[in-house]
Amino acid sequence: MNTLMQDLRYAVRQLRKAPGFTLTAVLTLALGIGATTAIFTLVHAVLLRSLPVNKPSELYKIGKETDCCVEAGLQGDWTIFSYPLYKQLRDNTPGFSSLAASQAGTTQLNMRRDGDPSAAASTRVRFISGNYFETFGVSAERGRVFAATDDTQGAAPVAIITYRLWQRRFALDPGVIGASFLFNGKAVTVIGVTGPEFYGETLQPDPPEAWMPLQQEPVFNNQSLFQSERLWLQLIGRVRPGVSPASIEPQLIVELQQYLRSRSGSMRPAEISEISKQKTELALASTGVNTLRDDYNKGLRLLMTVVGFVLLITCANIANLMLVRGMARRQQVSICVAMGAPRSRIIRQILTECVLLSAIGGFAGLAIAFTTSRAILALAFRGTTDYVPVDATPSLPVLVFGFSLSLMTGIVFGLLPALITSSADPAEALRGANRSTRDASSLPQKSLVILQAALSLVLLCGAMLLTLSLHNITHQSFGFQTDSRIVAQIAPAAAGYTTAQLPDLYRKLDARLPQIPGVETVSYQMYSPMSHDNWSELVYIPGQPPPDAKSGAWYVASWDRVSPDFFHTIGARIVQGRSISRRDNQNTNLVAVVNQTFAKRHFSSSNAVGQRFAMEPKMTHFFEIIGVVEDVKFVNPARPARPMFFVPMAQSMIFTDPAEQPNEDESHYPGDVEVLVHGDPNPYIPSIRQALNEIDPNMPVLSIGTFKDQLSTNFNQQELIARLTALFGLLALILAAIGIYAVTAYSVARRTTEIGVRMALGANRRDVLRMVMRGALTQIGIGLAIGLPASILAARAAASQLYGVSPYNPVCLFGSLIVLMAAAFIASMLPARRAASMEPLLALRME
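Before going into details, it helps to say that this report is about the structure given with it. Predicted model, so just to flag it, every value in this text is computed and none were measured.

Focus on the overall build of the protein
Then, in step 1: Scanning the protein from terminus to terminus reveals 25 helices and 24 strands.
Then, in step 2: A buried classification covers 54% of the 847 residues belonging to the protein.
Then, in step 3: Across the protein, contacts joining residues at least 24 apart in sequence account for 83% of those joining residues at least 6 apart.
Then, in step 4: Total accessible area on the protein is roughly 35,600 Å²; 58% of this is exposed by carbon and sulfur atoms.

In structure tokens, the structure reads:
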């Protein structure tokens, strides 16, 4: 212990004597460890953290993908289910000890305490099966959870709220338990509060704030719970102990196909032939139905690779710095060896200094991680209206990982310099080892510089590709305009509006909002472009067979119900025919406007205007196409626009099957109101909010903001990956420049006498400058030659993250080459100029 304390005190003195070296090493470690820890914090929270439930490893989701939107027809690989199908699987799959169902999404309901005169607040509710909490092994923080009897027809309406809602809205009032609340004006008893950490089975922005039994869903959504074609539930089950999940999949497939055969009477012949091909899979759900994982999986893995490269560059830099420092102290070590100091003692002392340096750098890195993790989380989930159940603070495992990584970096990459420094021959060193231009550290140093150059080129090229990709995806033609436009999300259903009352709401919107000075046009629709929503249906064209009669694959098209002035308000151009107008009402024939992709798919050889189609097969009347609008992207900015059609808010469809009527009624509720104004839209937001409150104070305004902001939230992942990769690319460039500078400066210091001799024999300053630069740039050239093919391979591996740019983009490849060569040139020029300005006599006297 005494020896250790001596080594520590000596290490502190040595680091204080070399503030430039200490600051450079600590900063290098802090940046490398901080970046790694911050990214690992996000990866741990999104990809690795288990659900806060009992034995999460026993939970499995039916279906590997995550679906939020109903796509008509057979799914092939089923991931989302109807309530009758859920009952079939629950009652006939013995491999599960319990199988729960939950709504794939949430429903906005107005909630206020019965008898409370204050305005109701919009609340996100998820409908779940009665065995939901039992399946997860979750108990209530207060009150109780649902029992099976709560999820039966005729049961008293009950709800469970989250701890966060209880705390934020009701100040942890214990009187909430057992109290009656009005949800959309209907009395519901709150029977429990979940624990503080429980956010449901789905890790997503803005998770549910309350839960209700499935049997209560028709009361609020006016839907038929037993509608077999309504696919809206995700299923998670707990596997029985000792049962292999692989043995359950065949049981599920048999039950799925049997269920479909029982419904074959309402299917087309082509679909019936496909029943035997329908299947589903089990996916481990220990992390839940992780929509964030699905969205960010590839991007976060790419970032982990990037920070791995940064960490390697950091390690190479630390090793180089320690080699430089070790060689600078070689004479001192030689004297210690000559006086009898054992080699093991010298190695231990140098390693103690390395560990101390690593510890300081590690603590500084963790401080950087704490400050940057929240910024990264805010960038990743920008646009979230409430919160994301992801803790931005590095957890204990992440902190241990980051600090251990720092210590290991210091030990592993300080060991080689310690061995080289301690192996000095005392006699040779005391005779003037500094005259030698060759030593044992030369090859490792040059190898590390080559490695840094190669890795830096890979990161710079990747950063340029992703930055160009981000520019392409954000500056593409979306088919609409965002300037001077405001979008407000409203929830008329939460205010208790019935379908019969909606025309009156339309009239109020059309009358009140245009009265605001500066407002040009107003539109309202089920959902606006890039609002993370999509409705789709099968399309039937008279006289046209399915595209593939053998497989029975019918055309699927997205659709939206919109008001007059919709296309003008969003800035979409009508290329054929006319737009929807106020004369398209319930007293006229059904009409529709289709996009260009829809028209080309179905009417490629003729003008689409005047053609007819229907939502196959249950509509009694056909739509007549009155216009074609240019393609407008509604869902995924990285994919081509889907076939899509638009129908008037004022018209209603009639179906032969009464079960379709609830969906038809729901489609008349406007979800988004869009307003076109003059100039900057931000000053208009308070006036528009006030006008909506005047129209109906009980109708919640879920959010209001500019159309440009709504669009920008669709690029969160791309911006996160591109900006962080660019940041890490810049960091790699700085670290590589530091490494090149350190090695070149050390080389000049080692060759001081040689330079003096050369200059004394007639070499001029230009010759010295050329000699030093040639040695430095040769190493860089070798690194770039290695890094160029590595960059191409890395770009190919990350091709799925690119949009509108080839992995072999020459501008990015040669641009990164030029940037790195310029940085290397500057880093080498500084010590080279110092060497060239050296006085020969002074250099010859130095030893």
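Read on for the rest.
Focus on a nonpolar patch on the surface
Then, in step 1: Taken together, the side chains of Tyr741, Leu777, Phe825, Ile826 and Leu830 make up a nonpolar region of the molecular surface, amounting to roughly 450 Å² of accessible area.
Then, in step 2: Counting residues per element, the nonpolar patch draws most heavily on helix α24 (residues 810-836), at three residues.
Then, in step 3: In this fold, Ile826 is placed in helix α24.

Brief notes about the pairing of strand β7 (residues 180-183)
Then, in step 1: Here strand β3 (residues 107-113) runs beside β7; their pairing, made up of three bridges, is antiparallel. When the bridges of β7 are listed, Met111 appears paired with Phe183.
Then, in step 2: As judged from the four bridges shared by β7 and strand β8 (residues 186-194), these two strands associate in the antiparallel manner. In the sheet register, Phe181 faces β8, and the bridge partner there is Val188.
Then, in step 3: A loop of two residues connects β7 with β8, the two strands running antiparallel in sequence, and Asn184 in this loop sits at a positive phi of about 55 degrees.

So, helix α5 (residues 163-170)
Then, in step 1: Burial in α5 covers these residues: Tyr163, Leu165, Trp166 and Phe170. Down the axis, α5 shows its buried residues gathered within 165 degrees of arc, on one side only.
Then, in step 2: Two residues or fewer past α5, Ala171 is found with a positive phi of approximately 50 degrees.

Structural notes on the side chain of Asp560
Then, in step 1: By the element assignment, Asp560 lies in strand β17 (residues 556-562).
Then, in step 2: Nearest to the buried, unbridged Asp560 among oppositely charged side chains is Arg561, at 7.7 Å.
Then, in step 3: Side-chain polar atoms of Asp560 contact the backbone nitrogen of Met526, separated by 3.4 Å.
Then, in step 4: The residues touching Asp560, leaving out its near neighbours within four places in the chain, are Gln525, Met526, Tyr527, Phe634, Met644, Phe645, Phe646 and Val647.

Details of the environment of Phe96
Then, in step 1: By secondary structure assignment, the location of Phe96 is in strand β2 (residues 96-103).
Then, in step 2: On the basis of relative accessible area, Phe96 is assigned to the buried category, the value being 5%.
Then, in step 3: Sequence-wise, Phe96 and Thr135 are 39 residues apart; in three dimensions their C-alpha atoms are separated by 9.8 Å.
Then, in step 4: Once residues lying within four places of it in the same chain are set aside, the contact partners of Phe96 are Ile62, Gly237, Arg238, Val239, Arg240, Ile248, Leu252 and Leu282.

Here's the deal with helix α23 (residues 765-797)
Then, in step 1: The end-to-end C-alpha distance of α23 is 47 Å, a good match for the 48 Å that 33 residues give at a rise of 1.5 Å each.
Then, in step 2: Its axis deflected by about 25 degrees at Gly787, α23 carries its strongest bend there, up to four residues before the proline Pro789.
Then, in step 3: Listing the buried residues of α23 in full gives Val768, Met771, Val772, Met773, Ala776, Gln779, Ile780, Gly783, Leu784, Gly787, Ser791 and Ala795.

Some details on the packing of α23 against α24
Then, in step 1: The N-to-C vectors of α23 and α24 enclose an angle of 155 degrees; their axes lie 9 Å apart at closest approach. Relative to α24, the element α23 is oriented roughly antiparallel. α24 is crossed by α23, and the crossing has right-handed handedness. Contact residues: α23 offers Arg765, Val768, Leu769, Val772, Met773, Ala776, Leu777, Ile780, Leu784, Leu788, Ser791 and Ile792, while α24 offers Leu813, Leu817, Leu820, Met821, Ala824, Phe825, Ser828, Met829, Ala832, Arg833, Ala835 and Ala836.
Then, in step 2: The residue makeup of the contact of α23 with α24, split by class, is 20 nonpolar, two polar and two charged.

A word on the packing of aromatic side chains
Then, in step 1: Evaluated as defined, the whole model comprises 32 aromatic pairs.
Then, in step 2: Between Tyr527 and Phe634 the ring centres are 5.7 Å apart and the planes differ by 90 degrees, which places this aromatic pair in the edge-to-face class. Of this pair, Tyr527 sits in the loop between β15 (519-525) and β16 (535-540) while Phe634 sits in the loop between β21 (623-629) and β22 (644-648); the two residues are 107 residues apart in sequence, bridging distant segments of the chain.
Then, in step 3: Residue classification places Tyr527 among the buried positions, given a relative accessible area of 2%.
Then, in step 4: For Phe634, a relative accessible area of 4% corresponds to the buried category.
Then, in step 5: Here the aromatic cluster, defined as three or more aromatic residues joined through ring pairs, consists of Tyr132, Phe133, Phe136, Phe146, Phe198 and Trp211.
Then, in step 6: We note Arg230 situated over the ring of Trp232; from NZ or CZ to the ring centre the distance is 4.3 Å.
Then, in step 7: Cation over ring: Arg612 sits above Phe622, and NZ or CZ is 4.5 Å from the ring centre.

Here we look at the nonpolar core
Then, in step 1: Formed by 82 residues in total, the largest nonpolar core has its most connected members in Phe598, Phe613, Phe623, Phe645, Phe646 and Phe728.
Then, in step 2: Judged by nonpolar contacts, the second largest core, of 48 residues, contains Tyr83, Tyr86, Phe127 and Ala179.

Quick notes on unusual backbone geometry
Then, in step 1: Of note in the backbone geometry, Ala171 takes a positive phi value of approximately 50 degrees without being a glycine.
Then, in step 2: Take Ala171: it is sitting in the loop between α5 and β7.
Then, in step 3: The phi dihedral of His532 falls on the positive side, at around 65 degrees, and the residue is not glycine.
Then, in step 4: Structurally, His532 can be placed in the loop between β15 and β16.
Then, in step 5: The class for His532 is exposed, based on a relative accessible area of 56%.

What about the environment of Ile792?
Then, in step 1: Structurally, the position occupied by Ile792 is in helix α23.
Then, in step 2: Spatially, the C-alpha atom of Ile792 lies 9.2 Å from that of Asn809, the residues being 17 residues apart in sequence.
Then, in step 3: Discounting residues that sit within four places of it in the chain, Ile792 has contacts with Tyr808 and Leu813.

A word on the packing of helix α15 (residues 502-512) against helix α19 (residues 685-695)
Then, in step 1: Interaxial distance between α15 and α19 falls to 10 Å at its minimum, and their mutual angle equals 145 degrees. At the point where α15 passes α19, the crossing takes the right-handed sense. When α15 is examined against α19, the residues Leu505, Lys508, Leu509 and Arg512 are found in contact with a partner set consisting of Ala691, Leu692, Glu694 and Ile695.
Then, in step 2: Looking at the contact of α15 with α19 residue by residue, the class counts come to five nonpolar, no polar and three charged.

Points about the pairing of β17
Put simply, side chains in a regular strand alternate between the two faces of the sheet.
Then, in step 1: By the criterion of burial, β17 is predominantly enclosed, with six of the seven residues buried.
Then, in step 2: The pairing of β16 with β17 spans four bridges and is antiparallel. Of the residues in β17, the one forming a bridge with Leu538 is Val556.

A short note on the side chain of Arg485
Then, in step 1: Note that Arg485 resides in strand β14 (residues 485-490).
Then, in step 2: Of the side chains bearing the opposite charge, Glu674 lies closest to the buried Arg485, which forms no salt bridge; the N-O distance is 4.9 Å.
Then, in step 3: At a separation of 2.7 Å, a polar atom in the side chain of Arg485 contacts the main-chain carbonyl oxygen of Asp483.
Then, in step 4: Within the structure, Arg485 has its side chain in polar contact with the backbone oxygen of Thr569 (distance 2.4 Å).

The rules behind these values
- All residue numbers refer to positions counted from 1 along the written sequence of the respective chain.
- Where local features are concerned, this predicted model is filtered to residues with pLDDT of at least 70; where side-chain atom pairs are given and counted, the filter is 80 or more; whole-chain, interface and lining totals use all residues.
- Hydrogens and water molecules were not included; the side-chain quantities draw on all heavy atoms of the structure.
- In DSSP terms, a helix is any run of H or I states spanning at least four residues, a strand is any run of E spanning at least two, and both are numbered starting from the N terminus.
- Accessible area is worked out with a 1.4 Å probe on protein chains only. A residue is then buried under 20% of its type maximum, exposed over 50%, and partly exposed in between.
- When checking whether two residues touch, look at their non-hydrogen atoms; a contact exists if any pair is within 4.5 Å.
- Residue exposure ignores everything except the shown protein chains as possible cover, and the areas themselves are Shrake-Rupley values with a 1.4 Å probe.
- Candidates for patches are residues over 30% relative accessible area with no salt bridge; among them, like charges are joined within 9 Å and nonpolar side chains (Val, Leu, Ile, Met, Phe, Trp, Tyr) within 5 Å.
- A pair is scored as a salt bridge if a Lys or Arg side-chain nitrogen falls within 4 Å of a carboxyl oxygen belonging to Asp or Glu.
- A pair of strands is labelled paired if DSSP reports no fewer than 2 bridges between them.
- This arc is taken over the directions from the axis of the helix to the C-beta atoms.
- His is not counted, nor are the chain ends; Lys and Arg add positive charge and Asp and Glu add negative charge.
- Here a polar contact means two N or O atoms within 3.5 Å. Within protein one must be a hydrogen donor candidate and the other an acceptor candidate, and residues neighboring in sequence count only if both atoms are side-chain atoms.
- By definition here, a helix of n residues has an expected span of 1.5 Å times n minus one.
- We define the bend at each residue as the angle formed by axes fitted to the 7 residues ending at it and the 7 residues starting at it.
- Note on definitions: angles span 0 to 180 degrees between N-to-C directions of axes, and those axes are lines fitted to C-alpha atoms, for helices only across the stretch in contact.
- Oblique is the label for every angle not falling under 35 degrees (roughly parallel), over 145 degrees (roughly antiparallel), or within 65 to 115 degrees (roughly perpendicular).
- By definition, turning the near helix anticlockwise from the far helix through less than a right angle yields a left-handed crossing, and turning it clockwise yields a right-handed one.
- Any residue outside Ala, Val, Leu, Ile, Met, Phe, Trp, Tyr, Cys, Pro, Asp, Glu, Lys and Arg is labelled polar, Gly included; the first ten of those are nonpolar and the last four are charged.
- A pair of aromatic rings is counted whenever rings of Phe, Tyr or Trp (Trp by its six-membered ring) have centres within 6.5 Å, and the orientation is called stacked for planes under 30 degrees apart, edge-to-face for over 60 and tilted otherwise.
- Criterion for a charge above a ring: Arg CZ or Lys NZ at most 6 Å from the ring centre, at most 35 degrees from the ring normal.
- By nonpolar core we mean a set of buried residues, namely Ala, Val, Leu, Ile, Met, Phe, Trp, Tyr and Cys, connected to one another through side-chain atoms within 4.5 Å.

Without other data, these values stay purely geometric and don't point to any function.
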